[in-house]
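# Overview (structure and organization)
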Amino acid sequence: MTPSTSSSSGPASPGGGPAAQATADLAKRLGVDAAAVKVVSSTEVTWPDGSLGCPEPGMMYTQMLVPGNRTILEVGGKQYAYHSSASRAPFLCEHPKPPAR
């Protein structure tokens, strides 16, 4: 199931919000200045389950709708997906679940 979009927002202001938290994390991971990280999008979504669109093999997840955020960042032409919820800070999702067809 594809996460449903409830609203869309632009880049978060420095100091707060999922996009700012994701930007700081990615800059630290890659060893680059935060100014080198471009926020492509930061969108409020409703995830279809507790995996937050980033399921890991062998794991079981709560089967309920979970409000959260999907932030797409870009550095050097490569995009990175960060997923979060109200109870989980943004985390790098290396293998996002493809949209349901």
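Model, not experiment: these values are computed from the prediction.

### Section: the pairing of strand 5 (residues 88-92)
With three bridges joining them, strand 4 (residues 78-85) and strand 5 adopt antiparallel strand pairing. Within strand 5, the position partnered with S85 by the bridge is R88. Hairpin geometry of strand 4 and strand 5 is characterised by an intervening segment of two residues between the two adjacent antiparallel strands.

### Section: the confidence of the model for the protein chain
Residues at a pLDDT of 70 or more form 81% of the protein chain, whose mean pLDDT is 86. Ranking the helices and strands of the protein chain by mean pLDDT puts helix 1 (residues 17-30) first, with 98, and strand 1 (residues 4-9) last, with 44.

### Overview of the state of the cysteines
What makes a disulfide is a covalent bond joining the sulfur atoms belonging to two cysteines. Per the stated rule, a full pass over the model turns up one disulfide. The disulfide partner of C54 is C93, and the gap between their sulfur atoms is 2.1 Å. Classification of the bridge connecting C54 and C93 rests on its S-S torsion, roughly 105 degrees, and on that basis the disulfide is right-handed. Placement of C54 in the loop between strand 2 (38-47) and strand 3 (66-75) and of C93 in the segment after strand 5 is noted, with a sequence separation of 39 residues between them. Using a relative accessible area of 12% as the deciding quantity, one classes C54 as buried.

About the cut-offs
Residues numbered from 1 in each chain as written. Predicted model: local features only at pLDDT ≥ 70, side-chain atom pairs only at ≥ 80, totals over all residues. Heavy atoms only, no water. Pairing = 2+ DSSP bridges. Helix = DSSP H or I, 4+ residues; strand = E, 2+ residues; numbered from the N terminus. pLDDT = per-residue confidence, 0-100. Disulfide = S-S within 2.5 Å. Buried < 20%, exposed > 50% of the residue type's maximum accessible area, 1.4 Å probe, protein only.

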